[in-house]
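The lines below spell out each chain.
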Amino acid sequence: MKKFILAALVAVVSVSANAQFWAGGSVGFNTSKSSIDGNELSKANNFTLAPEVGYKLNDNWDVAVALEYAHRSGKGIASQNGFAINPYARYTFAKCGDFSFFADGGFSYGFIHESGDDDNINTWEIAIKPGIAYSLSEKVSLVAHVGNLGWEFAKKGDVKTNTFDINVTNAITFGAYVSF
């Protein structure tokens, strides 16, 4: 029994010695305006904060979880607050100098509360998100996700929506990571 425990301890220490924790995420902001004949109908401001932490298993595989907070407010629209949790696995399939090309595959659950409405919007998503990372140093990387291939299910009260998404232009995010 002692040999088994010692072997398990050696295995855990050797895997941990090669692995790295990393933390980072992204921040986003956008604004939009709708008007007819010069008369402003609505104006929206959207803010997103998405911190994430991960664990590098080896040169090709990482596991991570992202938490997202989003807020939307403005003129002529109801204020919204949303939260989501997104565990995922990252596979790095190519490296070229300081650049790495990867795909994140995972699922997420989120909910959105709209002011003045008793029904929250609940969302579930399964997606693959390709991306590119640029290493500024051994510990710091800039990351961009470019696109989304996924399925999303949303429910608000009795209304259910299924969405299949192949998107390149509207699904671009930027972030930074620090390895420990």
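The rules we used
- Residues numbered from 1 in each chain as written.
- Predicted model: local features only at pLDDT ≥ 70, side-chain atom pairs only at ≥ 80, totals over all residues.
- Heavy atoms only, no water.
- Patch = residues over 30% accessible without salt bridge, like charges linked within 9 Å, V, L, I, M, F, W, Y side chains within 5 Å.
- Areas by Shrake-Rupley, 256 points an atom, 1.4 Å probe, with all protein chains shown as cover.
- Salt bridge = Lys/Arg side-chain N within 4 Å of Asp/Glu carboxyl O.
- Helix = DSSP H or I, 4+ residues; strand = E, 2+ residues; numbered from the N terminus.
- Phe/Tyr/Trp six-rings, centres within 6.5 Å; stacked < 30°, edge-to-face > 60°.
- Buried < 20%, exposed > 50% of the residue type's maximum accessible area, 1.4 Å probe, protein only.
- Lys NZ or Arg CZ within 6 Å of the ring centre and 35° of its normal.
- Pairing = 2+ DSSP bridges.
- Contact = heavy atoms within 4.5 Å.

J.: Can you explain a nonpolar patch on the surface? Please cite residues and give values.
T.: A cluster of nonpolar side chains, Leu-57, Trp-61, Val-63, Tyr-91, Phe-93, Phe-99, Phe-101, Tyr-134, Leu-136 and Leu-142, forms an exposed patch at the surface whose accessible area comes to about 900 Å². Contributions of two or more residues to the nonpolar patch are made by strand S3 (61–75), strand S4 (80–96) and strand S5 (99–114).

J.: Tell me about the packing of aromatic side chains, residues and numbers included.
T.: Within this structure, the stated rule accounts for nine aromatic pairs. Taking 4.5 Å as the distance between ring centres and 40° as the angle between the ring planes, the aromatic pair formed by Trp-22 and Tyr-177 counts as tilted. A residue pair is termed long-range when its members are at least 10 positions apart, and Trp-22 in strand S1 (residues 20–36) and Tyr-177 in strand S8 (residues 159–179) qualify at 155 residues. Neither residue differs from the other here; Trp-22 and Tyr-177 are each classed as buried. Measuring from centroid to centroid gives 5.5 Å for Tyr-109 and Trp-124, while their planes differ by 50°, and the two rings are tilted. With Tyr-109 in strand S5 and Trp-124 in strand S6 (residues 121–135), this residue pair connects regions lying 15 residues apart in the sequence. Under the relative-accessibility criterion, Tyr-109 is labelled partly exposed at 31%. Joined through ring pairs, the aromatic side chains of Tyr-109, Trp-124, Trp-151 and Phe-153 make up one cluster. Over the aromatic face of Phe-102 sits the side chain of Arg-90, whose NZ or CZ is 4.0 Å from the ring centroid.

J.: How would you explain the pairing of strand S7 (residues 140–156) if you had to name every residue and give the values?
T.: The side chains of a regular strand alternate, residue by residue, between the two faces of the sheet. In this structure, S6 lies alongside S7, joined through 13 bridges in antiparallel fashion. Bridged to Ile-132 within S7 is Ala-144. Between the antiparallel neighbours S6 and S7 lie four residues.

J.: Which residues make up the side chain of Ser-141, and what values go with them?
T.: The topology assignment puts Ser-141 in strand S7. Not counting the four nearest positions on each side in its chain, Ser-141 is found in contact with Tyr-134, Ser-135, Leu-136, Gly-175, Ala-176 and Tyr-177.

J.: Describe in detail the environment of Ile-128, supporting the description with residues and values.
T.: By the element assignment, Ile-128 lies in strand S6. Assessed through its relative accessible area of 44%, Ile-128 is described here as partly exposed. When sequence neighbours within four positions are dropped, the list of residues in contact with Ile-128 reads Ala-103, Asp-104, Gly-105, Asn-148 and Leu-149.

J.: Which residues make up the pairing of S6, and what are the values?
T.: Note that S5 and S6 share 14 bridges and pair antiparallel. In the sheet register, Phe-99 faces S6, and the bridge partner there is Tyr-134. In sequence, S5 turns back onto S6 through a hairpin of six residues, with Gly-116 there showing a positive phi of about 80°.

From the geometry alone we can't say anything about function, so treat these as descriptive.
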